[in-house]
Amino acid sequence: MTDAAETLSPEAKLELITRNLQEVLGEEELKTILGERDVKLYWGTAPTGKPHVGYFVPMVKIADFLKAGCHVTILMADIHAFLDNEKAPFDLVTLRTKYYEQVIRSMLSSIGVPLEKLTFVVGSSYELSPKFSMDNYLLASKVTEHDAKKAGSEVVKQVSLPLLSGLLYPGMQALDEEYLGVDAQFGGVDQRKIFTFAEKYLPKLGYKKRIHMMNPMLPGLQGDKMSSSDPNSKIDLLDTSKAVATKVGKAFCPEKEVEGNGVLSFVKFVLFPASSQRLGSPEFVIQRPEKFGGNTVYSDYETLERDFVEGKVHPGDLKGSVATALNQLLEPIRQHFETPEMQQLILEAYPPPVAAPKVVKQKKKHNKRPEDASADAAAAATSEQSVEEKLANTHI
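The following refers to the structure shown. In this text the structure is predicted, and so the values were computed from the model without any measurement. (Residues numbered from 1 in each chain as written. Predicted model: local features only at pLDDT ≥ 70, side-chain atom pairs only at ≥ 80, totals over all residues. Heavy atoms only, no water.)

## Regarding empty space enclosed by the protein
As a reminder of what qualifies: Computed over the protein atoms alone on a 1 Å grid, cavities are sets of points where a 1.4 Å probe fits but cannot get out and pockets are open sets with protein on both sides within 12 Å along at least five of seven lines; a residue lines them when it has an atom within 4 Å of a point. Grid points are joined across faces, edges and corners, and a volume is the space filled by probe spheres set on the points. For helices the rule is a DSSP run of H or I covering at least 4 residues; for strands it is a run of E covering at least 2, with both sets numbered from the N terminus onward.
Taken as a whole and judged by the stated rule, the model has 2 cavities of 30 Å³ or more. Considering only enclosed or pocket space, the largest cavity measures out at about 90 Å³ in volume. Lining the largest cavity are 13 residues, with Leu221, Ile235, Gly262, Phe266 and Val322 positioned closest to its centre. Among the secondary structure elements, those contributing two or more residues to the lining of the largest cavity are helix H13 (262–279) and helix H15 (315–336). Considering every element that reaches the lining of the largest cavity, the biggest residue donor is H13, with 3 residues. Considered as a void within the structure, the second largest cavity measures approximately 50 Å³ in volume. Around the second largest cavity sit Arg19, Val60, Ala63, Asp64, Lys67, Pro273, Ser276 and Gln277, which together line it.

Below, the structure is given as structure tokens:
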């Protein structure tokens, strides 16, 4: 892969780096760096809920970065996961960090991405150092509460009584750019406010402003943002093939409509790029019986979208074909996690919820006269006395 990247012109590398991105902040700086050397960038993820198939969007983009000769660091942001309103205690976050690394490695392998050019870094390996801590305090002395809250509004969990930890999150993410020694940070467009926050405040500490590259957010199965916390909007990476087919079959995919269509978006941002990575050229097959036109092979997304809008591709055929292609991507990941070691890791990182103890309700005796209640109490006292007498007369 390195040899192939070395033969690419700066213009070709730029095309690979920026294709399918929604926005790039600092593109001129990116062009300047590419004219001199390869780009160093990072993508970070906070190990909280189980990763879902939406994570394939950054994975296929990471494949583009590597093809373009970029030096890519994947940050396991364990401290950030803990700060995000304590979604999990830190010992659980540590286990989930291990799970996330295994998942990301297996996802990249499933789409044919070599791992030797990747660097994995755990946030706590440097974010707890004295130097980082002092920079964090210095940044806190310059950032307004308004700016910190605004920066994290689309990333940090929003609650009625927000914690101070949520205000630390954006500043630490900004400092990550300096401490990882990168030219650019890559993330979803939901990170934009944190990215612009970093561009504003890092120079106040004497650090340079970085480039920021953003992917579009993949719509969920119900047409909204795909989320780990909403089981109805996502497909888990370890879902069975039958579960995948069922969830895709129930997805929001109105006939001839593109806007908010999560199924079409998945084809565009995951299946076409993944097939290009695996097969050498983009390909997606609509599978259907001969009486409905037979199979059709598409080599670009635009033609597929046009046929869908014109009614030449039925939502049912699209869903079935997406489920088949997705299961092909997921099968190597499922196999990776079938080992006893990986099964144990899953159990420890995501323990099943403990059922609440059942409360046994005391039966109430209704409609008793006061004298009846007194008689019951006297009978109970006599019973207790007789037991004591029996014990006293028992010889051992």
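## Digging into the packing of aromatic side chains
When we look at a pair of aromatic rings, we describe it by the centre distance and by the angle of the planes. Just so we agree on the cut-off: The rule is short: rings of Phe, Tyr and Trp, with Trp giving its six-membered ring, pair when the centres are within 6.5 Å, and they are stacked under 30 degrees, edge-to-face over 60, tilted in between. Burial classification: accessible surface area is computed with a 1.4 Å probe over protein chains only, and a residue below 20% of its type maximum counts as buried, one above 50% as exposed, and the rest as partly exposed.
Tallied over the entire structure, the rule returns 11 aromatic pairs. Where Tyr99 meets Phe337, the ring centres are 5.4 Å apart and the plane angle is 55°; that geometry is what we call tilted. A residue pair is termed long-range when its members are at least 10 positions apart, and Tyr99 in helix H6 (residues 90–110) and Phe337 in the loop between H15 and helix H16 (340–349) qualify at 238 residues. Arranged with centres 5.3 Å apart and planes meeting at 75°, the rings of Tyr99 and Tyr350 form a pair that is edge-to-face. Highlighted residues: Tyr99 in helix H6 and Tyr350 in the loop between H16 and helix H17 (370–392), separated in sequence by 251 residues. Of the two residues, Tyr99 and Tyr350, both sit in the buried class.

## Points about unusual backbone geometry
The backbone of Asn20 sits at a positive phi, close to 65°, despite the residue not being glycine. Its location among the elements puts Asn20 in the loop between helix H2 (10–18) and strand S1 (23–25). A relative accessible area of 34% places Asn20 in the partly exposed class. With a phi angle near 70°, Lys256 is a residue other than glycine that sits in the positive phi range. Under the relative-accessibility criterion, Lys256 is labelled partly exposed at 45%.

## Here we look at the sheet that holds strand S3 (residues 71–76)
Selection rule: Two strands form a pair only when DSSP identifies at least two bridges running between them. Fitting a line to C-alpha atoms yields each axis, with helices limited to the stretch in contact; the angle taken between N-to-C directions then spans 0 to 180 degrees.
If you trace the 6 strands from one edge of the open sheet to the other, you get S1-S6-S5-S2-S3-S4, paired in mixed fashion. Each end of this open sheet is capped by a strand with a single partner; those strands are S1 and strand S4 (118–122). Adjacent strand axes in the sheet meet at a mean angle of 25°, parallel and antiparallel pairs treated alike. Pairing analysis gives 3 bridges linking S1 to strand S6 (residues 211–215), with the strands arranged antiparallel. Within S6, the residue paired with Leu25 across the bridge is His212.

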